[in-house]
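# Chain and residue survey
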Amino acid sequence: MHEFGIAEAILTAVENRADGRRVQRARVRAGALLRITEPAINHAFAMISEGSLAEGAQVELVVIPVSLTCRSCERTATSVDPFAVCPECGGTDIDSEGGDDLVLESIQMAEATHVPGNSRRDRGNPF
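Values in this document were obtained by computation on a predicted structure and should not be read as measured data.

## Points about the sheet that holds strand S6 (residues 102-109)
The strand order S2-S1-S6 describes an open sheet built from three strands, whose pairing is mixed. Edge positions in the sheet fall to strand S2 (58-64) and S6, since each has one partner strand and no second. Adjacent strand axes in the sheet meet at a mean angle of 15°, parallel and antiparallel pairs treated alike. As defined by bridge partners, strand S1 (residues 23-31) adjoins S2 across seven bridges and the pair is classed as parallel. In the strand pairing of S2, Ala30 is matched with Val63.

## Section: the UniProt feature "binding site: Ni(2+)" (unreviewed entry) in the protein chain
Taken from the UniProt record, the annotation "binding site: Ni(2+)" (unreviewed entry) applies to His2. By the secondary structure assignment, His2 is in the segment before helix H1 (3-18).

## Details of the sheet that holds strand S4 (residues 76-79)
With respect to topology, three strands assemble into an open sheet ordered S4-S3-S5, the strand pairing being antiparallel. The open sheet terminates on both sides in strands that have one partner only, identified here as S4 and strand S5 (94-97). For this sheet the average axis-to-axis angle between neighbouring strands, irrespective of direction, equals 30°. In the sheet, strand S3 (residues 66-70) pairs with S4 via four bridges, with the strands oriented antiparallel. In the strand pairing of S4, Val66 is matched with Ser79.

## Structural notes on the UniProt feature "binding site: Zn(2+)" (unreviewed entry) in the protein chain
UniProt marks Cys70, Cys73, Cys86 and Cys89 with the feature "binding site: Zn(2+)" (unreviewed entry), using the numbering shown here. Across 20 residues of sequence, these annotated residues stay compact in space, with a maximum C-alpha separation of 8.6 Å. As for its placement among the helices and strands, Cys70 is situated in strand S3. Relative to the assigned elements, Cys86 resides in the loop between S4 and S5. Cys86 sits in the buried class, given a relative accessible area of 5%. Filtering out sequence-adjacent residues up to four positions away, Cys86 remains in contact with Cys70, Cys73, Arg75, Gly91 and Ile94.

Rules behind the numbers
- Residues numbered from 1 in each chain as written.
- Predicted model: local features only at pLDDT ≥ 70, side-chain atom pairs only at ≥ 80, totals over all residues.
- Heavy atoms only, no water.
- Pairing = 2+ DSSP bridges.
- Helix = DSSP H or I, 4+ residues; strand = E, 2+ residues; numbered from the N terminus.
- Axes fitted to C-alpha atoms, helices over the stretch in contact; angles between N-to-C directions.
- UniProt positions renumbered as here; feature names shortened; annotations may be inferred.
- Buried < 20%, exposed > 50% of the residue type's maximum accessible area, 1.4 Å probe, protein only.
- Contact = heavy atoms within 4.5 Å.

Here it is in structure tokens:
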């Protein structure tokens with residue numbers, strides 16, 4: 001499963017951005033040519049992230065379409081299907097552009113738990 005390699009790349013980016021804080025969710029943009037699905041990447045991410053700051057975090061996947069140009073009729077289109085045919089003529093002689101991106105768009109931190117006596121306010125200092 002190539003999802004494990006992608007999950008490792010996501011985890012590395014998440015840990016770098018989290019800066020030591022626990023992560024609850026990661027939003028990732030992935031090109032259609034990577035052929036990943038949200039359930040598959042979440043399964044792989046759950047296994048890869050065990051024991052990390054992202055353990056238990058969910059990956060929200062946004063699939064970015066690939067740009068297609070048909071060599072037969074020269075029609076251009078976009079598709080999230082990496083095996084698309086030309087929507088105009090049905091041709092399979094297609095040039096593709098893009099669709100192989102993998103971008104960590106955002107992360108959502110887990111809520112910090114408050115430990116009584118550990119803040120300035122709990123020690124009598126309102127500032």
